[in-house]
Amino acid sequence: MTAAIRANLPVFAVIAPLFVAFVLPTFARRTRLVEGLVIFVQAVGLWGTAYLARLVLAQGGLPIIYEVGGWSAPWGIELVVGNLGAFFLLVVAGVSLPVAIYASGNLAKEVEGARRRAWFYVLYLLLGGALAGMSITNDLFNVFVLVEVATLSCCGLVSASQEPSGAEAAFNYLILATLGSGMILGGIGFLYIVTGHLNMGFAARALATVWQDYPHVVWMAISFFMVGFGVKAAFFPLHIWLPDAHSVAPSPASAVLSGLAVKGYIICLMKVLFHVVGPELMQVFSLNRLLVLLGMVAILIGSILALGQDELKRRLAFSTVAQIGYIFLGMGLLNVKGMTGALFHIASHGIIKSALFLAAGAVITQTGKERVSELAGVGKKMPITMGVFTIASLGLVGIPLFSGFVGKWYMLLGSLGAGDYLAAAVIVAGSVLCAGYLFPVIRVAYFEPAPADDWQEPGVRQRLALILLAMGIFVLGTIPGPLLELALAAATDFLVFN
Amino acid sequence: MTDIILALLSGLVGGIVIALLPQASNRLRNTLVLLFSVAGAVFSWRVAGTVFSGGTIRLSGEIAGLAWSLQPDPLGTVFGLIVATLWLFATVYSFGYMADEPRQRTYYAFLLIAFSVALGVAFSGSLLSLYLFYELLTFATYPLVIHERNDEAIRAGVKYIAYSLCGAGAILIAIVVTHGWAGSLDFAGGPLLARGGLRPGLGWLLGLYVAGFGVKAAIMPLHRWLPEAMIAPTPISALLHAVAVVYSGVYGILRVVYSVFGHELMAQMNFSRALPWVAGFTILAGVIIATQQDVLKRRLAYHTISQLSYILLGAFTLHPWGLAGAIFHMISYSTLKITLFFGAGIVAKQTTKIRVSDMGGVGWQLPWTMASFGVASLGMIGMLPLNTFWSKYYLMRGSVAGGKWPFALVLIISGFINALCFLPTVVAAFTGDRDQLSREKGGNVTLMVAPTVLLAGIAVLLGLWPGLVWPGVEAVVNSFFIR
Amino acid sequence: MMKDFVLKRIVIVLLPFIQMYGLYVIFHGHVSPGGSFAGGMILGLGFVAFATVFGLDRGRQMLPEKVTTLTESYGTLWYGIMGMIGIFKGFPFLANKLAGIDVGVPGTLTSGGLISWIGLGVGIRVASTITTLFFTMMEEKP
Amino acid sequence: MRILLSKLLINYPYMASVVLFIIGASTVLTRSNLFKKLIGINIMESAIFLMFIAAGNTRGGAVPILDQANPGASYINPIPSALMLTGIVVSVSVTAFALALIVRLYDSYGTTNARRIAEMRNGVADR
């Protein structure tokens, strides 16, 4: 039996959260059972993905190919757990477990009613399953379906808070994201028309031979993909929905939205751009320069906009826009170092931004204060929460020994390797700006006199989740070992063997 | 091996312990702070003993796929010793100065942590660990800078952290480039870039490094944060803004010049010929601005800017004598400057006078303090029985021997301006009207005066017997020039 | 709720046929156009027609919210269980012929193996989702 | 010109889908009524479905059901149609969800005009 489970781990990574999500509504009112089941699924998921990652590493980067229904590649749907898949599965599982633990403690204060909370978990698990699917599917149409599942779950999560602004943000997000999915579907359509394949490997092989016959169609397809995924991943000029959506959502939702969901779309875009279109074709269309340029603009503008926000969660949301810029910049450098940096930044930003949002959420639910200027003295009343916030800030700024540094180091290596000194300067300037918008929070929290209000630390589960994430930040920064190996191997896959 | 870990940990652990103590328990806290500082100092001295007796201590490991190492060489050890020794004095002085100040727990906790981090800067054996500790030093000292917590302090803090982070960013880029060119960042194997020889872009790289470390070394025009940061309590100004923090910048530049580029490579580069001029300009401009300041601490701050460039000038001569002078000046200047600051602090605390123009007659009230202040002022001019005479001597000798005689002239002129800068204050302090002065006692005078007088005594002692520290200076020079 | 007698009778008479047709489309997904989604839609639209004519309350009586929640959840779970048959037999998820399921003669009803049964789960889910959506929207009236 | 026109005419489904796509996208982006935005989304998605299905169509092709009587017939590619069925399901769920959100927005703001909602919210935020 265990052998059967192990052999089918790739598909379980996708369907287990989905099916648990579908069963949850039947016992929606038994909150403890729901929470227990969610945490159990996430914990098992983490174990399974760790096992998969070990398998992939042990195979020396050879992907585990899973043929659903026993149908092989061009006809059936493939799940490919390669370096990239294992990497992102690990990130998804690693971040969603602490967030689920946190949610089980904090959600009661943010979402009213047991049924609504159960539906929150349904959407949470659906998002997790969709992200897992996105990371390992090798089929373009599956990408579309999973992207849609993720988008709808994200919108649901955004609107989970009862405030009307939540519904508005969710609607705006939904409209733009659906526009994006339409674009993605159109891009898939163009690729299918040109290549006749939906399987990424086959499409890539066909595209390499036929793209010269249909350069305009391919160009259209690529631009559709860029805009479509760009909207969903909040890539710079298309980020307008993100600050509203990510700041009004309940804090666990903000954490996964900023930490994971956005990255899922980026992973899909990476797959399409590097596995299907290929780096050579990207250079033909000057896509790499566009990515670097827009990435730099995103870093600067996102950070500067974040500086101007007084609402803590909005500030973090704008920071996400900037950090997404880093990932795109690293992608656009088109060398292994830069790509590794971008991939590692996906992991480290995922974990750091989750920690930041969860800490901010804990502060907001415990004190009722949403603005940075009102948070004087929080650090003294809630040392663990603000301690984690501090660690995460140091990580995001990119202090050595914290996870953010590793990604930025590789991106710097990449940009200097590509001879792009401006990009290197922007990467560093982004760090300084990042300190500019995060450290005032810490200063206000620790070094301003505390009011007499009786603020307390959040519950045990929230603290546990925060501490887990902080440890994650530290571990990723000091012994990133397998994750960095996977990122490096995935980057090599992207750029060398294509 | 264990010494270095214990030296680094004593401050860190101490800081955490202090932070966990209740706010009220002053006596226990002071005892513990002293204990941990002494421990840190003792272990640093033990490390120094090992290094100067020819042993090597190396602690290296791979973190996040990059090689990090702690390996104090003579230069690092000298810096570490300066930090460890002066920290003890500053700690004792703090007990006196801070006795009636609020927020003591935060103050001492971060004082100890900053101690650890400064030692880390000194003992790091690779550019990466140097960068890490350099960056951490900013964060560890930030709470000390904004200790007053008023608007001015917070503005100074923002400026401090912004300047430092920008500098650190420049250093990070430079480190990445160095990593790409040299393949390694470890100091142990000689100058990193020497093997590659001259190559295009080397000047830019040096510029990045100098700009990055120059922020903390307060090279003009990157000095703006330093006078502002004088809002901090006096022991902090003395320790951090006259010694530890700015020295970390100076130390970084010394490292870059001698461990990253190497003096041979530097000598071949066009850009390195411009650097002494920057330092010379900063020397003169800093001290001239200092004479214009009326607030004593600001005057001292600009004077710091000037004096730091003495060290840099010595380093940029690329001559053994110049380096010897630089190292000697690191040692002698720090003892004198900390004395000056301590003196200013005692005056401010005891008479609430912070302006030079008000200080007439203070000397009669605080004879020991002002005597030490006078001794230190003489030292800043470079008078003979004081240690700075020797450092200036070697600096000039190095400038002339390195073919850069105009800088010897700069040093002499600067000495005269220094005289204008401090002597009138001292003279006024002992000649002014002594009767109309009110004295409101703040702090514990004994604990403040004792370290001040002791440091002045040390300065005189080193002036009389420079041989006391000469072996250390010689070891540093030999480690870079004789290979 | 409509008061037209003819309409009510016709719906009563037609309802079984509509349901029957929905099931037919579901089960013939592999041999004719349509399939579980279209079939489930027809199945659900039967209930929708009933609720339109007889009113929301009778519709809810016939298909309480509890039931739709259950069918929604377990319809999907059924899909999962069917998929797991392959895994239990030592083959990949959703394995059909490979897992030794009888696939009969092409062109006949039994030629789909597991497909019809999987389709049943999907169809039930679609039907209950459609009815839930419809009921919810009818309730939303302010 | 003639060749271009004839090419355009032959490929009329694609042309129609392009026109529909532009109509849909511009409706989404320019209209401030939430319902019109939603309708625009639906038009846009229909355009893509149309394009996909047109791509799968073979003129004079047979229904893609295995038929022993006529083994040599050229079949219409069933994959795009199957995919678009999924796409339609997705679009239905998006529409349903968006409608639910519009209902909630109408309940709390009393209007379905996106611009006015934004104004009201900012007014609340500014206080």
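Residues numbered from 1 in each chain as written. Chains lettered and ligands numbered in written order. Predicted model: local features only at pLDDT ≥ 70, side-chain atom pairs only at ≥ 80, totals over all residues. Heavy atoms only, no water.

Colleague: Where do I start with the overall build of chain D in this structure?
Modeller: A tally of helices and strands in chain D yields 5 helices and 0 strands. Across the 127 residues that make up chain D, the buried fraction comes to 32%. Sequence separation of 24 or more characterises 52% of the internal contacts of chain D that already satisfy a separation of 6 or more. In the form shown here, chain D has an accessible surface area of approximately 7500 Å², with 66% of it arising from carbon and sulfur atoms. (Helix = DSSP H or I, 4+ residues; strand = E, 2+ residues; numbered from the N terminus. Buried < 20%, exposed > 50% of the residue type's maximum accessible area, 1.4 Å probe, protein only. Contact = heavy atoms within 4.5 Å. Areas by Shrake-Rupley, 256 points an atom, 1.4 Å probe, with all protein chains shown as cover.)

Colleague: Would you take a moment to explain the overall build of chain A for this structure?
Modeller: Looking only at helices and strands, chain A features 21 helices and 2 strands. Compactness check: chain A gives a C-alpha radius of gyration of 21 Å against a globular reference of 23 Å for 498 residues, within 12% of the reference. Principal-axis analysis of the C-alpha atoms places the extent of chain A at approximately 70 × 55 × 45 Å. For chain A, buried positions account for 69% of its 498 residues. Considering only contacts within chain A whose residues lie at least 6 apart along the sequence, 81% involve residues at least 24 apart. Of the roughly 14800 Å² that chain A leaves accessible, carbon and sulfur atoms contribute 65%. (Rg over C-alpha atoms; globule rule 2.2 N^0.38 Å.)

Colleague: Could you clarify how one ought to interpret the arrangement of the chains in this entry?
Modeller: Of all 4 pairs of chains that touch, the greatest number of contacts is found between chains A and D. No interface is formed between chain B and chain C, the nearest pair of C-alpha atoms being 38 Å apart. For chain B and chain D, which are not in contact, the least C-alpha distance works out to 27 Å.

Colleague: Explain the environment of Ala355 of chain A here, please?
Modeller: Residue and element names in this part refer to chain A. Tracing the sequence through the fold places Ala355 in helix H15 (residues 336–367). For the pair formed by Ala355 and Gln283, sequence separation is 72 residues and the distance between their alpha carbons is 37 Å. Leaving out residues up to four positions away in the same chain, Ala355 has contacts with Val388, Ala392, Leu466, Leu469 and Ile473.

Colleague: I tried to follow the packing of helix H4 (residues 83–110) of chain A against helix H5 (residues 114–136) of chain A on my own but got confused; where do I start?
Modeller: If you want to describe how two helices pack, look at the angle between their axes and the distance between the axes. Residue and element names in this part refer to chain A. Between H4 and H5, whose axes approach to 9 Å, the crossing angle comes to 170°. In this view, H4 runs roughly antiparallel relative to H5, as classed from their interaxial angle. Contact residues: Gly85, Phe88, Leu89, Val92, Ser96, Val99, Ala100, Ala103, Ser104, Leu107 and Ala108 in H4; Arg117, Phe120, Tyr121, Tyr124, Gly128, Leu131, Ala132, Ser135 and Ile136 in H5. (Axes fitted to C-alpha atoms, helices over the stretch in contact; angles between N-to-C directions. Parallel < 35°, antiparallel > 145°, perpendicular 65-115°, else oblique.)

Colleague: Looking at this structure, I do not really get the interface of chain D and chain A. What am I missing?
Modeller: Accessible area lost on assembly of the parts is the figure often given for the size of an interface. If you look at the interface, chain D gives 37 residues, while chain A gives 34 residues. Around 2800 Å² of area is buried between chain D and chain A when both sides are counted, 80% of it from carbon and sulfur atoms. At the surface where chain D touches chain A, the tally comes to 0 salt bridges. For the pair chain D and chain A, the number of links is 2 residue pairs in polar contact (both at pLDDT 80 or more). For the side of chain D that touches chain A, the secondary-structure elements that each account for two or more residues are helix H2 (12–30), helix H3 (34–56), helix H4 (78–109) and helix H5 (114–126) of chain D. When residues in the side of chain D that touches chain A are grouped by element, the largest group, 17 residues, is from H4 of chain D. Here the side of chain D that touches chain A is built from residues that sort into 28 nonpolar, 5 polar and 4 charged. (Buried area = accessible area lost by both parts, 1.4 Å probe. Salt bridge = Lys/Arg side-chain N within 4 Å of Asp/Glu carboxyl O. Polar contact = N/O pair within 3.5 Å; in protein donor to acceptor, adjacent residues only side chain to side chain. Nonpolar A, V, L, I, M, F, W, Y, C, P; charged D, E, K, R; others polar.)

Colleague: Sorry if this is basic, but what is going on with the packing of aromatic side chains here?
Modeller: Scanning the model with the defined rule gives 47 aromatic pairs over all chains in all. Ring centres 6.3 Å apart and planes at 80° place the aromatic pair Phe373 of chain B and Phe422 of chain B in the edge-to-face group. With a gap of 49 residues between them, Phe373 of chain B in helix H15 (residues 367–381) and Phe422 of chain B in helix H17 (residues 405–431) connect regions that are remote in the sequence. Look at Phe422 of chain B and you get buried, because its relative accessible area is 0%. Its end group placed over the ring of Tyr265 of chain A, Lys232 of chain A keeps NZ or CZ at 5.5 Å from the ring centre. Positioned above the aromatic ring of Trp455 of chain A, the side-chain terminus of Lys381 of chain A is 5.9 Å from the ring centre. (Phe/Tyr/Trp six-rings, centres within 6.5 Å; stacked < 30°, edge-to-face > 60°. Lys NZ or Arg CZ within 6 Å of the ring centre and 35° of its normal.)

Colleague: Would you mind showing me how to read the pattern of salt bridges here?
Modeller: Charged atoms that come close allow side chains of opposite charge to pair. Scanning the entire structure with this criterion turns up 12 salt bridges over all chains. Glu65 of chain C is the partner of Arg115 of chain A in a salt bridge, and the nearest nitrogen-oxygen pair spans 3.8 Å. On the criterion of chain membership, the pair formed by Arg115 of chain A in helix H5 and Glu65 of chain C in helix H4 (residues 65–88) is interchain, its members lying in two chains. A salt bridge links Arg443 of chain A to Glu448 of chain A; the nearest nitrogen and oxygen atoms lie 3.3 Å apart.

Colleague: Explain the interface of chain C and chain D here, please?
Modeller: Counting from both sides, the interface comprises 8 residues of chain C and, opposite them, 7 residues of chain D. Here chain C packs against chain D, burying approximately 690 Å² in sum over the two surfaces, 83% of which is carbon and sulfur. Applying the counting criterion to the chain C and chain D interface returns 0 residue pairs in polar contact (both at pLDDT 80 or more). Residues belonging to the side of chain C that touches chain D are distributed by class as follows: 6 nonpolar, 1 polar and 1 charged.

Colleague: Can you help me understand the pairing of strand E2 (residues 78–81) of chain A in this one?
Modeller: Residue and element names in this part refer to chain A. Along E2, one buried face is formed by Glu78 and Val80 and the opposite face, lined by Leu79 and Val81, is buried too. Summarising the sheet, strand E1 (residues 64–67) and E2 pair through 4 bridges and their orientation is antiparallel. Bridge pairing links Ile64 to Val81 in E2. (Pairing = 2+ DSSP bridges.)

Colleague: Hey, could you run me through the packing of helix H2 (residues 36–54) of chain C against helix H5 (residues 115–139) of chain C in this one?
Modeller: Residue and element names in this part refer to chain C. Put simply, H2 and H5 touch, their axes get as near as 7 Å, and they point 35° apart. At the point where H2 passes H5, the crossing takes the right-handed sense. Contact with H2, carried on its side by Ser36, Phe37, Gly40, Met41, Leu43, Gly44, Leu45, Phe47, Val48, Ala51 and Thr52, involves Gly119, Val122, Gly123, Val126, Ala127, Ile130, Thr131, Phe134, Phe135 and Met138 of H5 and no other residues of that element. Here the contact of H2 with H5 is composed, by residue class, of 14 nonpolar, 7 polar and no charged. (Left-handed = near helix turned anticlockwise from the far one by under 90°.)

Colleague: I would appreciate a short explanation of the environment of Phe36 of chain B in the present structure.
Modeller: All names here are of chain B. Tracing the backbone shows Phe36 in helix H2 (residues 26–52). Between the alpha carbons of Phe36 and Ile412 there is a distance of 42 Å; along the sequence they are 376 residues apart. Excluding residues within four positions of it along the chain, Phe36 makes contact with Ser10, Val13, Gly14, Val17 and Leu112.

Colleague: I tried to follow empty space enclosed by the protein on my own but got confused; where do I start?
Modeller: Where empty space is left in the structure can be found by rolling a water-sized probe over the atoms. Enumeration according to the criterion identifies 2 cavities of 30 Å³ or more in this entry. Reported here for the largest cavity is a volume of approximately 100 Å³. The wall of the largest cavity is formed by Val397, Gly398, Val428, Ser431, Val432 and Ala435 of chain A together with Tyr131, Glu135, Leu165, Ala168, Gly169 and Leu172 of chain B. Elements that contribute at least two residues to the lining of the largest cavity include exactly helix H19 (421–447) of chain A together with helix H5 (127–145) and helix H6 (151–182) of chain B. For the lining of the largest cavity, the class distribution of residues is 8 nonpolar, 3 polar and 1 charged. Considered as a void within the structure, the second largest cavity measures approximately 50 Å³ in volume. Gln42, Val92, Ser96, Tyr124, Leu127, Gly128, Leu131, Val256 and Leu260 of chain A are the residues that line the second largest cavity. Elements that contribute at least two residues to the lining of the second largest cavity include exactly H4, H5 and helix H11 (251–277) of chain A. Among the elements that line the lining of the second largest cavity, the one with the most residues is H5 of chain A, at 4 residues. (1 Å grid on protein atoms, 1.4 Å probe; cavity = no way out; pocket = protein on both sides within 12 Å on 5 of 7 lines; lining within 4 Å. Points joined across faces, edges and corners; volume = space filled by probe spheres on them.)

Colleague: Help me out: how do you make sense of the side chain of Thr234 of chain B in this one?
Modeller: Turning to its location among the elements, Thr234 of chain B is positioned in helix H9 (residues 234–261). A polar contact is formed between the side chain of Thr234 of chain B and the side chain of Tyr97 of chain B, at a distance of 3.1 Å.

Colleague: It is not clear to me how unusual backbone geometry should be interpreted in this structure. Could you clarify?
Modeller: Residues and elements named next belong to chain B. Of the consecutive residues Met220 and Pro221, the connecting peptide bond is found in the cis state with omega at 5°. Within the element layout of this structure, Pro221 appears in the loop between helix H7 (202–216) and helix H8 (225–228). The phi dihedral of Leu318 is positive, around 60°, even though this residue is not glycine. Residue placement: Leu318 occurs in the loop between helix H12 (296–316) and helix H13 (320–351). Using a relative accessible area of 15% as the deciding quantity, one classes Leu318 as buried.

Colleague: How should I be thinking about the side chain of Ser303 of chain A in this particular structure?
Modeller: Residue and element names in this part refer to chain A. Tracing the backbone shows Ser303 in helix H13 (residues 287–307). Judged by relative accessible area, which is 1%, Ser303 ranks as buried. Residues contacting Ser303, with those up to four places away along its chain left out, are Ala298, Ala322, Gly430, Leu433 and Tyr437.

Colleague: Hey, could you run me through a nonpolar patch on the surface in this one?
Modeller: On the surface, Phe5, Val6, Ile10, Ile12, Val13, Leu14 and Phe17 of chain C cluster together to form a nonpolar patch covering roughly 680 Å² of accessible area. By secondary structure assignment, the location of Val6 of chain C is in helix H1 (residues 5–27). (Patch = residues over 30% accessible without salt bridge, like charges linked within 9 Å, V, L, I, M, F, W, Y side chains within 5 Å.)

Colleague: Is there a simple way to explain the confidence of the model for chain D in this structure?
Modeller: Note that predicted coordinates carrying low pLDDT should not be read in detail. For chain D, the mean per-residue pLDDT works out to 84, and 90% of the residues sit at or above 70. Confidence scores differ between elements of chain D, with H5 of chain D showing the lowest mean pLDDT of 74 and H3 of chain D the highest of 91. (pLDDT = per-residue confidence, 0-100.)

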